[in-house]
Amino acid sequence: MLVEGKKISFSYELGGSSYALRDVDINIARGEFVAILGCNGSGKSTLVKHLNALLQLQHGELRVAQIDLRNEEEIWRLRRLCGMVFQNPDNQFVSAVVEEEIAFGLENYEVPRDEIPARVRSALAMVEMDGYEKRAPHTLSGGQKQRVALAGVLALEPEIIIFDEATAMLDPGGRQEVVKIMHKLHRAGKTIIAITHYVEETVGADKIILMHKGRVLSCGTPQAILTDLDLMREAEMIPPLPVRLYHDLKQAGIALNNCPLTDEELVEAICQFRLKR
Amino acid sequence: MSIQVEKVSYTYLQPSGEKVEALKDVSCSIAAGDFVGIMGHTGCGKTTLIQLLAGLRAPTSGRIYLNGEDINAKGYDKSSLRQKVGVMFQNPEYQLFATTVEKDVAFGLKYSGLGPREVTARVRWALETVGFDFEKVRNQSPLALSGGEKRRVALAGVIAVRPPILIFDEPIAGLDPYGRENFLNFAQEMNQAGTTMIMVSHNMEALAEYTKQLLVLEQGRLLGAGPTREIFTRLQQRKNGVFGETEAQRIATMLAEKDLPLSSGILTYTDLLAVLKQELAGGERE
């Protein structure tokens, strides 16, 4: 397992009695696309901030790529292995020019100077932002900003990329851009951890970790999690539109074959239903 | 209270000296009691427009009238504008600053002329309206609250003034599904009670289900204005991709391509469900 966590508990208060995480187990295999789904305050952000030691482990055990999170000397190496893109693109930029922004991390890690331009170029190509090297980040759209932030992470060649609600502030087009790149990186072999409360974005994941009130409520395939109405209600989540429609039609006596997750599957199921009739 | 926007343009200078036309010749009107959505890509001028409506910026050219009065005319009492137009900006949770929730919400009432007892009553009403237990929350530090709670405190600060016009810039971005629904229902109730609502949002479902009128901005120009349903239909005919299209609309289009044309005008989930029930009923009875 690339990520192995056992009984992780965390409190933001010193010696506090209220826990943001309570006895959380987490297992993620190399190359997996994992979505962490949950409402505001469910603990999803707190959990992933443990993976690159943005938060210090208080209780429990956690190993990421064989690195024990209790070993503080390894944190620098860990952060390079485990890159993170945050919610608000405007809060993550430090440079006035896109290429400098991406070079910033490389310089910090003392990558040889003559290697930097090539690394910057290939990172920008990966997020489909070639040609934007000389642009000022603030002139970009939300989706483009997030892709530049991601390129800055990719330049360090991480194994794991964490998206901490990286699409929450974007318009629909920007969200689509970022989700598309997530899947592209996944196909290229990266381990992807995406935190979101947009259920639509979890449909294509290998597995979903569903969190609520600091605990893992359930963990399974999108099909198993998203079509379970009781479970979703308990997590204070609203299932994807095709799932809701499937159940509402069923109540009206119209039983489609399978419960669809995507718009395409829904259309297919409706067409099949009509053929049978 | 009605708003009239007449041929408004707004140009600003970038530090580099480059001129940017954020709004170009925009004209529209918003009737008292309306619920208006503003839609457009990042950088289309939405935020500039609401800053102009709130009188926080003055147009480079053109005029803005509030109940017939030009709010940028000499002699217009701008401070009275703060009592008339309430604005909640994007990420208002970053704007909280007072030591207690009560003081933060009361801040906007400082120059309202209300006495201390009335101020407390107003703050209580505002906090209870957004779903807090006043006694529990009044002495807490706003900074110790969760993101969603902070946003509700900011909202309480805006409505405490009881402005007849409320403007929200991306009020539901970053909220979870229940948070989104709670906020939208709240906005709808305020609107039904007579408040004129103006809401900027990227969320097509929210705009489709809750607003009555829509303004669409594209690169600083007004692309269209009119009843929400009409605008969505027009946008779909333009084939703008995910922008300006709800999921229900998208599904209806996909079904039409598979030889199941549904009646036109499907915009929301409720529309789609009703039409499909009709269309698919009658076969396969158990």
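Right above here is the structure, for reference.
In short, a report on the structure. Just so it is clear, the model here is predicted, and its values are computed rather than measured. (Residues numbered from 1 in each chain as written. Chains lettered and ligands numbered in written order. Predicted model: local features only at pLDDT ≥ 70, side-chain atom pairs only at ≥ 80, totals over all residues. Heavy atoms only, no water.)

Things to note about the overall build of chain B
Filter applied, for reference: Only runs of H or I of at least four residues qualify as helices and only runs of E of at least two qualify as strands under DSSP, and these elements are numbered from the N terminus. Atoms considered for the radius of gyration are the C-alpha atoms alone. The globule rule reads 2.2 Å times the number of residues to the power 0.38. Relative accessible area decides the class of each residue, using a 1.4 Å probe on protein chains only: under 20% of the type maximum gives buried, over 50% gives exposed, and in between gives partly exposed. What makes two residues a contact is simply this: any of their non-hydrogen atoms within 4.5 Å. Each accessible area is a Shrake-Rupley result for a 1.4 Å probe, and residues are judged covered by the shown protein chains and nothing else. Lys and Arg are tallied as positive, Asp and Glu as negative. Neither His nor the chain termini are counted. Charged side chains are reduced to one point each, which is NZ for Lys, CZ for Arg, CG for Asp and CD for Glu.
Summing up its helical and strand segments, chain B has 11 helices and 10 strands in all. By the compact-globule yardstick of 19 Å for 286 residues, chain B fits well, its C-alpha radius of gyration being 21 Å. With the principal axes as the frame, chain B shows a C-alpha extent of 70 × 50 × 35 Å. Buried residues in chain B amount to 52% of all 286 residues. Taking the intrachain contacts of chain B between residues at least 6 apart in sequence as the baseline, contacts between residues at least 24 apart amount to 61%. Of the roughly 13500 Å² that chain B leaves accessible, carbon and sulfur atoms contribute 48%. Of the side-chain charges in chain B, 32 are positive and 33 negative, and the distance between the mean point of each set is 7 Å.

A few points about the overall build of chain A
Each helix and strand counted, chain A has 10 helices and 10 strands in total. Relative to the 2.2 N^0.38 estimate, which gives 19 Å for 277 residues, the radius of gyration of chain A is 20 Å and therefore close to what a compact globule would have. With the principal axes as the frame, chain A shows a C-alpha extent of 70 × 50 × 30 Å. The buried share of chain A, reckoned over its 277 residues, is 57%. Here the contacts in chain A between residues at least 6 apart in sequence split such that 62% fall between residues at least 24 apart. With the model as given, the accessible surface of chain A reaches about 12300 Å², and the carbon-plus-sulfur share is 47%. Positive and negative side-chain charges of chain A, numbering 32 and 39 respectively, have mean locations separated by a distance of 3 Å.

With respect to helix α10 (residues 247–257) of chain B
Along α10(B), the positions that sit buried rather than exposed are E247(B), A248(B), Q249(B), I251(B), A252(B), M254(B) and L255(B). Those residues of α10(B) that are buried are in contact with α9 (241–251) and α10 (263–276) of chain A together with α8 (204–210), α9 (228–237) and α11 (269–280) of chain B. Of the residues trailing α10(B), D259(B) is marked for its positive phi of about 65°.

So, the sheet that holds strand β9 (residues 207–212) of chain A
Residues and elements named next belong to chain A. Filter applied, for reference: Strand pairing is assigned whenever DSSP detects at least two bridges linking the two strands. Where helices are involved, their axes are fitted lines through C-alpha atoms of the stretch in contact, as for all axes, and angles between N-to-C directions lie from 0 to 180°.
Taking strand neighbours across the sheet as the criterion, the 6 strands line up as β6-β7-β8-β3-β9-β10 in an open arrangement whose pairing is mixed. Each edge of the open sheet is held by one strand with a lone partner, namely β6 (82–85) and β10 (215–220). Taking each pair of neighbouring strands and ignoring which way they run, the sheet shows an average axis angle of 20°. One ladder, built from 5 bridges, connects strand β3 (residues 33–37) with strand β8 (residues 191–196); its direction is parallel. Paired with V34 across the two strands is I193, which belongs to β8. The strands touched by helix α6 (residues 172–187) are β3, β7 (160–164) and β8; relative to β8, the strand with the most contacts, the crossing angle is about 155°.

A closer look at the packing of α9(B) against α10(B)
All names here are of chain B. Formally: With respect to orientation, any angle under 35 degrees is reported as roughly parallel, any angle over 145 as roughly antiparallel, any angle of 65 to 115 as roughly perpendicular, and every other angle as oblique. By the definition used in this description, the sense in which the near helix is turned from the far one sets the handedness, with an anticlockwise turn below a right angle giving left-handed and a clockwise turn giving right-handed. Think of it as three bins: nonpolar holds Ala, Val, Leu, Ile, Met, Phe, Trp, Tyr, Cys and Pro, charged holds Asp, Glu, Lys and Arg, and polar takes everything else, Gly as well.
As a packed pair, α9 and α10 sit with axes 12 Å apart at the nearest point and diverge in direction by 50°. With respect to each other, α9 and α10 are oriented oblique. For the crossing formed where α9 meets α10, the hand is right-handed. Where α9 approaches α10, its residues F232, T233 and Q236 are matched on the opposing element by Q249, R250 and T253. Class assignment for the residues of the contact of α9 with α10 results in 1 nonpolar, 4 polar and 1 charged.

Comments concerning the packing of helix α3 (residues 98–108) of chain A against helix α5 (residues 142–154) of chain A
Residues and elements named next belong to chain A. Two elements in contact, α3 and α5, have axes whose closest approach is 7 Å; the angle formed by their N-to-C orientations is 35°. Crossing hand, α3 versus α5: right-handed. Two secondary-structure elements touch here, α3 through V98, E101 and I102 and α5 through V148, A151 and G152. Residue composition of the contact of α3 with α5, by class: 4 nonpolar, 1 polar and 1 charged.

Considerations on the sheet that holds strand β2 (residues 21–28) of chain A
Strand pairing in a sheet relies on backbone hydrogen bonds. The paired strands run either parallel or antiparallel. Residues and elements named next belong to chain A. Read across the open sheet, the 4 strands follow the order β2-β1-β4-β5; overall the sheet is antiparallel. Each edge of the open sheet carries a strand with a single partner, namely β2 and β5 (67–68). Here strand β4 (residues 59–64) runs beside β5; their pairing, made up of 2 bridges, is antiparallel. Looking across to β5, one finds that R63 is bridged to D68.

As for the interface of chain B and chain A
The condition that has to hold: By convention, the term buried area covers the 1.4 Å-probe accessible surface removed from two parts as they join, with the contributions of both added. Take a side-chain nitrogen of Lys or Arg and a carboxyl oxygen of Asp or Glu: if they are within 4 Å of each other, that pair is a salt bridge.
Between chain B and chain A, the residue contacts involve 36 residues of the former and 40 residues of the latter. Across the chain B to chain A interface the summed buried area is about 3600 Å²; carbon plus sulfur atoms make up 62%. Joining chain B to chain A, the criterion identifies 2 salt bridges. As a salt-bridge pair, D263(A) and R250(B) come within 3.7 Å of each other at their nearest N and O atoms. When contributions to the side of chain B that touches chain A are tallied by element, the ones reaching two or more residues are α7 (177–192), α10 and α11 of chain B. Tallying contributions element by element places α11(B) first for the side of chain B that touches chain A, with 7 residues. Of the residues that constitute the side of chain B that touches chain A, the class distribution is 18 nonpolar, 8 polar and 10 charged.

Some words on the nonpolar core
Inclusion rule: By nonpolar core is meant a set of buried Ala, Val, Leu, Ile, Met, Phe, Trp, Tyr and Cys residues that side-chain atoms within 4.5 Å join together.
I102(A), L150(A), F163(A), L262(B), L272(B) and L276(B) are the most contacted members of the largest nonpolar core, which has 77 residues in total. If we ignore the near neighbours within four places in the chain, the residues touching F163(A) are V85(A), L150(A), M182(A), I192(A), I193(A), A194(A) and I195(A). Membership of the second largest hydrophobic core comes to 47 residues, among which are M39(B), V105(B), I172(B) and M204(B).

Topic: the side chain of K150(B)
Residue and element names in this part refer to chain B. Among the secondary structure elements, K150 is positioned in helix α6 (residues 147–159). For the buried residue K150, which engages in no salt bridge, the nearest side chain bearing the opposite charge is E93, 7.9 Å off. Among all residues touching K150, those that are not within four sequence positions of it are E93, L96, P142, L143 and L145.

Structural notes on the pairing of strand β9 (residues 213–218) of chain B
Residues and elements named next belong to chain B. Relative to β9, strand β3 (residues 35–39) runs parallel, the two being bridged by 4 bridges. Directly across from V36, in β9, lies its bridge partner Q213. Hairpin remark: β9 followed by strand β10 (residues 221–227), antiparallel, with 2 residues in the connecting loop; positive phi at Q219, about 45°.

Examining the pattern of salt bridges
Residue and element names in this part refer to chain A. Under the defined criterion, the tally for this structure stands at 25 salt bridges over all chains. With its nearest N and O atoms 3.6 Å apart, the salt bridge here joins E157 to R119. Highlighted residues: E157 in the loop between α5 and β7 and R119 in helix α4 (residues 116–126), separated in sequence by 38 residues. On the basis of relative accessibility, which here comes to 53%, the residue E157 falls in the exposed class.

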